[in-house]
Amino acid sequence: MLSLARSGGTLPRLLHHCRAALSANFRPKSTVPSQQQQDQDYDGSSDEIRINTKPQHQRLEKRGPLMKNMFVGVVDTDLLVYPESLNRDEQARCVGEREPFEDGGRALGGLGVFALQSPLNFGGRALIETELAYFNEVIGGRDLGLGLVAGQHNAIVQLVTRFGSEGVKERLLGELSGGESTVSAALFEREAPTGGTMFGTVATLGATNQGWLLNGEKSFVLDGDRALWLLVLASTKPVEQMNELDTTITAFLVDANANGVKRSEADETLGLNGVKQVSVSFKNVEVSNAHIIGTEGNGSQVLVELLKSTRVQTSVLGVQQMKKFLNQLTKYCIETKTGGGHLMDIENIREELAKASAAIYAAESMIYMTTGLLDDFDGQDAEMEAAITKIFTGERLLQLALLPLKFVGPQALVQGSTFEQLLRDSLQFFGNGETLDSIKFYVALAGLQHAGSSTHETIRKDRNPAMNPSHVISRLFEKNTIDTPKQFCNLEHFLHPSLDAAAHWIEFSVVRLKLAVECALSRHGTEIIQRHIELVRVADVAVLLYAMVATASRASRSYCIGLKHADHEIQLANTFCREASERVHRLAKDLEQGQFVTNDANYDGMARYLFRQKGYCFEHPIAKNF
């Protein structure tokens, strides 16, 4: 059953709009002054150490997951109010601290970009995710490569702060925060693991149980040629389990200059030439228990926390790259003349740039809605929202990066031109780290697992029609379908009236996601894991739905509080939601029809034939058979 989750009864429409305009009352506020300057501490020497203190960001009690619940048709309308994570004091401080980063005459490296999330007592700024995203806008706008390197460094420093041993924190956080040394993530491997382990890199417990021996190789380590420390994820097999299959992983902080660590020459890359990628091999590298991040066998949780932050912050950098493209294209279209006028007078070019603008607006909205979830609620389940944000940003960046080839022409590929460098860096950025398809599989499987646990009884009856005839009959007369979805929670009551259309499209998309998920689970059961095309479709629906929610919510807030250009934000949100809802309908319908009604089975057969022939095998168009 579709349902509406909210804290109270139905609110009058105008009352809720007032609440949206004053949503800061709902968001966490600091209960102490914004900054207590220069508290003094002494280390016993004559030198005085000044520590700037920062008030603790207050968090509310954890709520149910926003997007996962939409897989079962539940909408938490309190979360439709666009977040205002920073109160006035926090925002004023954040704006003031960012100003030096905006000075193009100052080098970013000397401004503490490697200490943005480090603890205050180690010289860091202890930024929350919303503040970090705000800083990364400037860093990514000025130096995309540095933004990537500093982003993973700050995320790992935060992990060390939360999960590292006291000895490691005391010894390393100071130098990591000061930029004296950097840390990189060593996660990816070229070869598939063997022996039942999750990674080919394996750590075995030493004979004394006081340390580990690390063996294996990691590839595509960003900035690995300069990093002095590496966060390595390895499969762990204690001595007593050496003959057993073991899928547990552990996170280690490894000295990059330790005996047995060897770095390869940097890989040649398409773009981001200032940042190198290397492979790192480990041969009997000794790692002490103190250098485990988290606990033994708990590396999966460390990885989840790492990805949750880096996916959102990487999206910030992607949005800045998109803005560069759009601004350059806009300038080019204004200044370039054709036989009949300027390029900006051509309708299809205007449409392409308008869609690019809407994509940037949606990506920005998703970023700060996600950081709001992470910052405002204690231990909030927002891994899916972070993953969705990276998927949307990555795909739209690639589309925008290729746009100059459509109407700029050969000039876009002239070496050294603005468009050529932006294209190279964007393609390199798009291919950096995990693939978007792998993230889509995660989104779909996480949502399907959540839906399966909530609707298992319905799915069981769907998969056993002979034993549940009354259930089958009721399904036949079901009026709520993918083609004719029914409203169930009146979302228009929770957005500005000018967004009524967007609210309806969002609500219909929630219904379609729920029905499509039930259909896929009923058809395949646990074998849905092997239906990769359908998993991608489910993920695409979730991505579009979250983009619609974030876009409409942000536009509603802008109009309610009277921000500049708010009327155009309303138009943008309605336009974006209409187009996204139409695509959701098509995707959900394909999920309902299955592989034999769509072309999935045909394409699968064609691909299998291609593999059997080991390539394109069809005869030439002018070949004769006589």
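Residues numbered from 1 in each chain as written. Predicted model: local features only at pLDDT ≥ 70, side-chain atom pairs only at ≥ 80, totals over all residues. Heavy atoms only, no water.

### Considering the overall build of the protein
For step 1, the next point in the chain: In terms of helices and strands, the protein carries 17 helices and 14 strands.
For step 2, the next point in the chain: Per-residue burial for the protein yields a buried fraction of 50% across its 626 residues.
For step 3, the next point in the chain: For the protein, the accessible area works out to roughly 29800 Å², and carbon and sulfur atoms hold 52% of it. (Helix = DSSP H or I, 4+ residues; strand = E, 2+ residues; numbered from the N terminus. Buried < 20%, exposed > 50% of the residue type's maximum accessible area, 1.4 Å probe, protein only. Areas by Shrake-Rupley, 256 points an atom, 1.4 Å probe, with all protein chains shown as cover.)

### Some details on the packing of aromatic side chains
For step 1, the next point in the chain: Summed over the entire model, instances satisfying the criterion amount to five aromatic pairs.
For step 2, the next point in the chain: Where F101 meets F135, the ring centres are 5.1 Å apart and the plane angle is 85 degrees; that geometry is what we call edge-to-face. Taken together, the positions of F101 in helix α3 (residues 88-102) and F135 in helix α4 (residues 129-142) put the pair 34 residues apart, joining distant regions of the chain.
For step 3, the next point in the chain: You can call F101 buried: its relative accessible area is 0%.
For step 4, the next point in the chain: Taking 6.2 Å as the distance between ring centres and 70 degrees as the angle between the ring planes, the aromatic pair formed by F392 and F576 counts as edge-to-face. Of this pair, F392 sits in helix α9 (residues 383-402) while F576 sits in helix α16 (residues 566-593), and the two are 184 residues apart along the sequence. F576 shares its class with F392; the two are buried.
For step 5, the next point in the chain: The side chain of K218 reaches across the aromatic face of F199, ending 3.9 Å from its centre. (Phe/Tyr/Trp six-rings, centres within 6.5 Å; stacked < 30°, edge-to-face > 60°. Lys NZ or Arg CZ within 6 Å of the ring centre and 35° of its normal.)

### Remarks on the pattern of salt bridges
For step 1, the next point in the chain: Scanning all chains against the criterion turns up 35 salt bridges.
For step 2, the next point in the chain: K440 serves as the salt-bridge partner of E395, at 2.6 Å between the closest nitrogen and oxygen. Of the two residues, E395 is situated in helix α9 and K440 in helix α12 (residues 436-463); the sequence distance between them amounts to 45 residues.
For step 3, the next point in the chain: For E395, a relative accessible area of 25% corresponds to the partly exposed category.
For step 4, the next point in the chain: Residues participating in the shared-partner salt-bridge network are R162, E305, K308 and E383. (Salt bridge = Lys/Arg side-chain N within 4 Å of Asp/Glu carboxyl O.)

### Quick notes on the side chain of K169
For step 1, the next point in the chain: Along the chain, K169 turns up in helix α6 (residues 166-178).
For step 2, the next point in the chain: Ignoring sequence-local partners within four residues, the contact set of K169 consists of F122, V160, T161 and G164. (Contact = heavy atoms within 4.5 Å.)

### Examining the environment of L427
For step 1, the next point in the chain: Examined against the element boundaries, L427 turns out to sit in helix α11 (residues 418-430).
For step 2, the next point in the chain: Residue classification places L427 among the partly exposed positions, given a relative accessible area of 30%.
For step 3, the next point in the chain: Spatially, the C-alpha atoms of L427 and L397 are 8.8 Å apart, while their sequence positions differ by 30 residues.
For step 4, the next point in the chain: Every residue in contact with L427, bar those within four places of it in the chain, is listed here: L270 and L398.

### As for the packing of helix α14 (residues 500-524) against helix α15 (residues 532-561)
For step 1, the next point in the chain: Following both chains from N to C, one finds α14 and α15 inclined at 160 degrees, their axes separated by 10 Å at the closest point. By the angle between their axes, α14 is roughly antiparallel relative to α15. The chirality of how α14 crosses α15 is left-handed. Across the interface between the two elements, A502, W505, I506, S509, V510, L513, V517, A520, R523 and H524 from α14 touch E534, V538, V541, L545, M548, V549 and A552 from α15.
For step 2, the next point in the chain: Looking at side-chain class alone, the contact of α14 with α15 contains 13 nonpolar, two polar and two charged residues. (Axes fitted to C-alpha atoms, helices over the stretch in contact; angles between N-to-C directions. Parallel < 35°, antiparallel > 145°, perpendicular 65-115°, else oblique. Left-handed = near helix turned anticlockwise from the far one by under 90°. Nonpolar A, V, L, I, M, F, W, Y, C, P; charged D, E, K, R; others polar.)

### A closer look at the environment of P410
For step 1, the next point in the chain: Mapped onto the secondary structure, P410 falls in the loop between α10 (404-407) and α11.
For step 2, the next point in the chain: Between the alpha carbons of P410 and E420 there is a distance of 9.9 Å; along the sequence they are 10 residues apart.

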